[in-house]
Amino acid sequence: MARRIVILTGAGISAESGVPTFRAADGLWEGHRVEDVATPQAFRRNPALVQRFYDDRRAFLGQVQPNAAHHALARLDAAWPTGDRGELLLVTQNVDDLHDRAGSRRLLHMHGELLSALCTACGAARRWERPLLQPHSCPACARPDTLRPDIVWFGEMPYQMERITSAIAACDLFVSIGTSGAVYPAAGFVQWAREAGAETLELNLEPSAGTPMFSEARHGPAGTLVPQWVEAMLAEL
């Protein structure tokens, strides 16, 4: 039985709570080109547009709740052993707080968080719930007008990659939930896990670009598949 687990979640798990997925079929993200709201160049070019875009996304979090898949992963986190008896790391590409609200604690937001602001002057990150479009000073260094969304944009390095790499290298089970398998570096995690000798499982609404790389793939709603998988794992404990 697997003891050291790494779980990757993507937009598909939050879509069932009503959070829009990253890109629509027309390539737009909430009506905007990705190049206009999700790159450092976009922020330099039109900071007001970018701040307003993420302010709207941040405010929208109050309208959505964790679903059955989020709660199931939180149960697994709470019950799974630590240390020599087991390990668990939940890595999410999502910038919403649904995993947090469901109760997951061994959680890493590799693409940042909507409820966090990053200072471009001193690099400090702080929890942030208010609009960033309004003038603010950094709580850490007091410099004015230096705060931006604490989001990893295209062209920037995802957070804590060393920790993620180490966890995948040591895991014996890698599970991907609700991901497209098309965005790197996360799309490469399954290959890293395979090279480390781990079993690999995809739980996704439909086959993804990475499905052929997995040892096993199950397709259907995350709110159904994830609780079923978690209950099976907990029963084996």
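Residues numbered from 1 in each chain as written. Predicted model: local features only at pLDDT ≥ 70, side-chain atom pairs only at ≥ 80, totals over all residues. Heavy atoms only, no water.

K.L.:
Is there a simple way to think about the packing of aromatic side chains in this case?
P.N.:
By the definition in use, this model includes 5 aromatic pairs. Each ring, one from F43 and one from W153, has its centre 5.5 Å from the other, and the planes form 40°; the classification is tilted. Remark: W153 occurs in the loop between strand 6 (147–151) and helix 7 (161–170) and F43 occurs in helix 3 (residues 40–45); sequence separation between them is 110 residues. When its relative accessible area of 16% is taken as the criterion, F43 is described as buried. A centroid spacing of 5.0 Å and a plane angle of 85° characterise the contact between F53 and Y54, whose relative ring orientation is edge-to-face. (Phe/Tyr/Trp six-rings, centres within 6.5 Å; stacked < 30°, edge-to-face > 60°. Helix = DSSP H or I, 4+ residues; strand = E, 2+ residues; numbered from the N terminus. Buried < 20%, exposed > 50% of the residue type's maximum accessible area, 1.4 Å probe, protein only.)

K.L.:
What should I look at first to understand the sheet that holds strand 7 (residues 173–177) in this one?
P.N.:
Spatial strand order, 3-2-1-7-8-9: 6 strands in an open sheet with parallel pairing. Edge positions in the sheet fall to strand 3 (107–109) and strand 9 (216–219), since each has one partner strand and no second. If you compare each strand with its neighbour and ignore which way they point, the axes differ by 15° on average. Here 3 bridges tie strand 2 (residues 87–92) to strand 3, and the two strands are oriented parallel to one another. Residue pairing for strand 3: T92 is matched across the bridge by H109. (Pairing = 2+ DSSP bridges. Axes fitted to C-alpha atoms, helices over the stretch in contact; angles between N-to-C directions.)

K.L.:
Hey, could you run me through the sheet that holds strand 5 (residues 125–127) in this one?
P.N.:
Strand pairing in a sheet relies on backbone hydrogen bonds, with the paired strands running either antiparallel or parallel. Spatial strand order, 5-4-6: 3 strands in an open sheet with antiparallel pairing. Only two strands of the sheet have a single partner each, and these edge strands are strand 5 and strand 6. Taken pair by pair, the neighbouring strands of this sheet meet at an average axis angle of 45°, ignoring direction. As defined by bridge partners, strand 4 (residues 112–119) adjoins strand 6 across 4 bridges and the pair is classed as antiparallel. Among the inter-strand pairings, G112 is bridged to a residue of strand 6, identified as I151. Seen against the sheet, helix 4 (residues 47–60) touches strand 4 and strand 6 and runs at an angle of roughly 55° to strand 6. (Contact = heavy atoms within 4.5 Å.)

K.L.:
Can you help me understand helix 4 in this one?
P.N.:
Taking 1.5 Å per residue as the helical rise, helix 4 with its 14 residues ought to reach 20 Å, and the 20 Å between its terminal C-alpha atoms agrees with that figure. Every buried residue of helix 4 is listed here: V50, Q51, F53, Y54, D55, R57 and R58. (Expected span 1.5 Å × (residues − 1).)

K.L.:
Would you mind going over the pattern of salt bridges with me for this structure?
P.N.:
Two side chains of opposite charge can pair, provided their charged atoms sit close to one another. This model, assessed by the stated rule, comprises 10 salt bridges. Between D55 and R58 there is a salt bridge, with its nearest N and O atoms 2.6 Å apart. One end of the pair, D55, and the other, R58, are both in helix 4, 3 residues apart, so they sit about a helical turn from each other. Exposure remark for R58: the relative accessible area of 5% places this residue in the buried category. Measuring nitrogen to oxygen at the nearest pair gives 2.9 Å for the salt bridge that ties R148 to E156. (Salt bridge = Lys/Arg side-chain N within 4 Å of Asp/Glu carboxyl O.)

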